[in-house]
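Below, each chain spelled out in residue letters.
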Amino acid sequence: AQTVTQSQPEMSVQEAETVTLSCTYDTSESDYYLFWYKQPPSRQMILVIRQEAYKQQNATENRFSVNFQKAAKSFSLKISDSQLGDAAMYFCASLETSGSRLTFGEGTQLTVNP
Amino acid sequence: GAVVSQHPSRVICKSGTSVKIECRSLDFQATTMFWYRQFPKQSLMLMATSNEGSKATYEQGVEKDKFLINHASLTLSTLTVTSAHPEDSSFYICSAPFNEQYFGPGTRLTVT
């Protein structure tokens, strides 16, 4: 069974600064995917970034990048040049390629201060 | 990208009545859909996996007679909350996989 843990219930960052959200996971599978989802106040789940476990290169999407440490089972999200619109709940999630169900972490509420 | 819709977005019902929530994949076919429940400031809790043409698979602790799931077609899954009680008030989200998971906008259920 997969588990995903986010140890930071809340984080805050000043506008234009950089913030890193932490995530650790556990899986018995060798092939899996990792994701970061954003849930703004509208509560629509939005995919921020995904990482295939077999890829060593860290995924990046504009201001969002990850630090994927496979041996340590760590998958942190870095948000650069934070914007007010980045304020949201962020969920880390894993997906084993043998199935199609996501396992979510507890979430981190990010506040961006102007 | 692919779109998943949910209807209604908000519903208020009286205790003891039933309410149906629809989840549709608008531009792709989904043999599997997932139903989640989310309490304020908490994570998504998987309730069940909806399978087109077969019975849903419920997570441990979820009452299948209370939360009826029907995957009527390749683009529609419904969740019916039967004999609703105030403790069923929550935010319900569906998702469907299509290369990645696409989420519906959610349904806020309030039982009075």
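No experiment lies behind these values; they were computed from the predicted model shown. Sequence order sets the numbering: in each chain, residues are counted from 1 along the sequence as written. Labels are handed out in written order, letters beginning with A for the chains and numbers beginning with 1 for the ligands. Restriction of local features to residues with pLDDT of at least 70 applies here, the model being predicted, together with a cutoff of 80 or more for giving and counting side-chain atom pairs; totals for whole chains, interfaces and linings are based on all residues. Water and hydrogen atoms were dropped before computing side-chain values, which therefore reflect all heavy atoms in the structure.

A.B. asks: I'd like a rundown of the pairing of strand S5 (residues 32-39) of chain A, residues and numbers included.
C.D. replies: All names here are of chain A. Burial runs high along S5: 7 of the 8 residues are buried. Pairing analysis gives 8 bridges linking S5 to strand S10 (residues 88-96), with the strands arranged antiparallel. Pairing of Trp36 across the sheet is with Cys92, part of S10. From the end of S5 to the start of strand S6 (residues 46-52), which pair antiparallel, there are 6 residues, and Arg43 there has a positive phi angle of about 75°. Burial classes follow relative accessibility: with a 1.4 Å probe on protein chains only, a residue under 20% of its type's maximum area counts as buried, one over 50% as exposed, and anything between as partly exposed. A run of H or I in DSSP becomes a helix once it reaches four residues, and a run of E becomes a strand once it reaches two; helices and strands are each numbered from the N terminus. The pairing criterion for strands is at least two bridges between them, as found by DSSP.

A.B. asks: Please set out the side chain of Lys66(B) residue by residue, giving values where relevant.
C.D. replies: All names here are of chain B. Along the chain, Lys66 falls in the loop between strand S6 (57-58) and strand S7 (67-73). Only 2.9 Å separates the side chain of Lys66 from the side chain of Asp88, close enough to count as a polar contact. What makes two residues a contact is simply this: any of their non-hydrogen atoms within 4.5 Å. In contact with Lys66, not counting residues within four places along its chain, are Thr80, Val81, Thr82, Ser83, Ala84, His85 and Asp88. Counting of polar contacts relies on pairs of N or O atoms within 3.5 Å, with two restrictions inside protein: one atom must be capable of donating a hydrogen and the other of accepting it, and residues adjacent in sequence are counted only when both atoms are side-chain atoms.

A.B. asks: So what's going on with the sheet that holds strand S8 (residues 76-81) of chain B? Residues and values would help.
C.D. replies: Residues and elements named next belong to chain B. What the 4 strands build is an open sheet, ordered S1-S3-S8-S7; its pairing is antiparallel. Two strands lie at the open edges of the sheet, namely strand S1 (4-7) and S7, each paired on one side alone. Adjacent strand axes in the sheet meet at a mean angle of 15°, parallel and antiparallel pairs treated alike. Judged from the 6 bridges that link them, strand S3 (residues 19-25) and S8 form a sheet pairing that is antiparallel. What sits directly across from Ile21, in S8, is Leu79. Each axis is a line fitted through C-alpha atoms, and for a helix only the stretch in contact is used; angles between axes span 0 to 180 degrees, taken between their N-to-C directions.

A.B. asks: For the state of the cysteines, give the residues involved together with the corresponding values.
C.D. replies: Note on terminology: disulfide denotes any pair of cysteine sulfur atoms within 2.5 Å. Within this structure, the stated rule accounts for 2 disulfides over all chains. Note that Cys23(A) is cross-linked by a disulfide to Cys92(A), the S-S spacing being 2.0 Å. As the torsion about the S-S bond is roughly -70°, the Cys23(A)-Cys92(A) disulfide counts as left-handed. Note that Cys23(A) is positioned in the loop between strand S3 (19-21) and strand S4 (24-26) and Cys92(A) in strand S10, a separation of 69 residues in sequence. The pair formed by Cys23(A) and Cys92(A) is uniform in burial state, with each residue classed as buried. The disulfide partner of Cys23(B) is Cys94(B), and the gap between their sulfur atoms is 2.0 Å. The sign of the 85° torsion about the S-S bond sets the Cys23(B)-Cys94(B) disulfide as right-handed. Here Cys23(B) is found in strand S3, whereas its partner Cys94(B) is found in strand S9 (residues 90-98), with 71 residues between them in sequence. No disulfide involves Cys13(B); its sulfur sits 18 Å from the nearest other cysteine sulfur, which is in Cys94(B).

A.B. asks: Outline the environment of Ser43(B), supporting the account with residue identities and numerical values.
C.D. replies: Position of Ser43(B) among the secondary structure elements: in the loop between strand S4 (32-38) and strand S5 (44-51). With near-sequence residues (within four places) excluded, Ser43(B) lies in contact with Phe91(A), Phe104(A), Gly105(A), Glu106(A), Arg37(B) and Gln38(B). Separated by 2.6 Å, the side chain of Ser43(B) and the backbone oxygen of Gly105(A) make a polar contact.

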